Amino acid sequence: MKYIESTQNKQIKERAKLLQKKERDRSGLFLVEGHHMIEEAMSANCLKEIYLLEGEDNFTDLEPIFCSQQVINKLSSQNSNAKIIGVCTKPDIQPEKFDVVLLLDGIQDPGNVGTILRSAYAFGVDYVYLSKDCADIYNPKTLQSSQGAIFHIGTMNTDLYDTIRFLQIENTTIYATSLHEPYKNLQDVKPKLPYGLVLGNEGKGIRQDILNICDMSIKIEMDTFESLNVATACSICLYTLKHAS
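Parameters at a glance
- Residues numbered from 1 in each chain as written.
- Predicted model: local features only at pLDDT ≥ 70, side-chain atom pairs only at ≥ 80, totals over all residues.
- Heavy atoms only, no water.
- Pairing = 2+ DSSP bridges.
- Helix = DSSP H or I, 4+ residues; strand = E, 2+ residues; numbered from the N terminus.
- Axes fitted to C-alpha atoms, helices over the stretch in contact; angles between N-to-C directions.
- Contact = heavy atoms within 4.5 Å.
- Salt bridge = Lys/Arg side-chain N within 4 Å of Asp/Glu carboxyl O.
- Buried < 20%, exposed > 50% of the residue type's maximum accessible area, 1.4 Å probe, protein only.
- Expected span 1.5 Å × (residues − 1).
- Polar contact = N/O pair within 3.5 Å; in protein donor to acceptor, adjacent residues only side chain to side chain.
- Arc of directions from axis to C-beta.

S.K.: Would you explain the sheet that holds strand β4 (residues 65-67) in this entry?
M.R.: Within a beta sheet, neighbouring strands are joined by backbone hydrogen bonds and run either parallel or antiparallel to one another. Sheet architecture is open: five strands sit in the order β1-β4-β3-β5-β2, paired in mixed fashion. Edge positions in the sheet fall to β1 (2-4) and β2 (29-33), since each has one partner strand and no second. Within the sheet, the average angular offset between the axes of one strand and its neighbour, ignoring direction, is 25 degrees. Lying on the sheet, helix α3 (residues 35-43) is in contact with β2, β3 (47-53) and β5 (84-89); it crosses β5 at an angle near 30 degrees.

S.K.: Got a minute to help me understand the pattern of salt bridges in this structure?
M.R.: Opposite charge on two side chains permits them to pair, given that their charged atoms come into close proximity. All chains considered together, the criterion is met by eight salt bridges. Residues Asp136 and Arg24 are paired through a salt bridge, measuring 2.7 Å at the closest nitrogen-oxygen approach. Of this pair, Asp136 sits in the loop between β7 (127-131) and α6 (140-146) while Arg24 sits in helix α2 (residues 21-27); the two residues are 112 residues apart in sequence, bridging distant segments of the chain. Asp136 gets classed as buried once you look at its relative accessible area, which sits at 14%. Residue Asp105 pairs with Arg207 through a salt bridge whose shortest N-O separation is 2.9 Å. A residue pair is termed long-range when its members are at least 10 positions apart, and Asp105 in strand β6 (residues 100-105) and Arg207 in the loop between β11 (195-200) and α8 (208-213) qualify at 102 residues. Given the relative accessible area of 38%, Arg207 is considered partly exposed.

S.K.: Any chance you could explain the pairing of β2 here in plain terms?
M.R.: Side chains on a regular strand alternate between the two faces of the sheet. Most of β2 is tucked away: five of the five residues are buried. Alternating positions in β2 separate into two faces, Leu29, Leu31 and Glu33 on one and Phe30 and Val32 on the other, with burial throughout. Two strands pair when backbone bridges link them, and β2 and β5 are joined in this way by five bridges, in the antiparallel orientation. Across the sheet, Phe30 pairs through a bridge with Cys88, a residue of β5.

S.K.: In this structure, what is going on with helix α5 (residues 110-122)? I would like to understand it.
M.R.: At 3.6 residues per turn, the α-helix brings residues three or four places apart onto the same side. The terminal C-alpha atoms of α5 lie 18 Å apart, and with 13 residues this matches the ideal 18 Å at 1.5 Å per residue to within 8%. Among the residues of α5, Pro110, Gly111, Asn112, Val113, Gly114, Ile116, Leu117, Ser119 and Ala120 are the ones counted as buried. Buried residues along α5 sit in contact with β6, β7, α6, β8 (154-158), β11 and α9 (230-243). Between the side-chain oxygen at the start of α5 and the backbone nitrogen of Gly111 there is a gap of 3.0 Å, and the oxygen is on Asp109. Directly after α5, the chain includes Gly124, whose backbone phi takes a positive value near 80 degrees.

S.K.: How do you make sense of the side chain of Arg15 when you look at a structure like this?
M.R.: With respect to the helices, strands and loops of the structure, Arg15 is situated in helix α1 (residues 10-16). In contact with Arg15, not counting residues within four places along its chain, are Leu29, Leu31, Lys48, Glu49, Tyr51, Leu75 and Val87.

S.K.: Is there a simple way to explain α3 in this structure?
M.R.: Among the residues of α3, those classed as buried are Met37, Ile38, Glu40 and Ala41. End-on, the buried residues of α3 take up no more than an arc of 160 degrees, which puts them together on one face. Close packing links the buried residues of α3 with β2, β3, β5 and α6. Just beyond α3, the residue with positive phi is Asn45, at close to 60 degrees.

Structure representation (structure tokens):
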């Protein structure tokens, strides 16, 4: 049984670097914490190492590295004392079909990106494209908000303009969420497969050059506020479009 007590341990210092995007990009690895996220990582065959608080039971099929609370906390991104940390390889998910795709343009908040991924998985989205200036999908806040969806849905950082043009060549209708006319009310849209939905930056919305090439703009009809949080808007749009008749 391996036990690490010191936060100055070389292996721990190396793994703590995974809290930084630069190291995640370099290594292709990232950290998750908590039983649920560990279980999701196991189900996707992405779990590589386990760091477990001394005295805790191991529920994984890996040989754990037992650690002091100080060591576990060094690997944790949360304020409260963690009990289990996993090192994961980034999943490579290639769906068989691209009937419904989601395209994210400059969404900055990791919590929003994570919640959007969770909704995308819940409502049957086949793939998620993210512009290169979106929040990192392996940011700890993104991962926690996704509740493990990152292990089950394909994602790619890409040039959205080129991706939309390619999808349109493949007969995919692209809908943009927009507050500016001309637009169609969401409840009046009856999409046919395949289609894509574009969501924009929290403050600025979708970039004009992206908006210009989308096939149709849609707006969520509301009684009071003009706009919603982007993750909330995403859930409403995905559910409505999925069940439109």
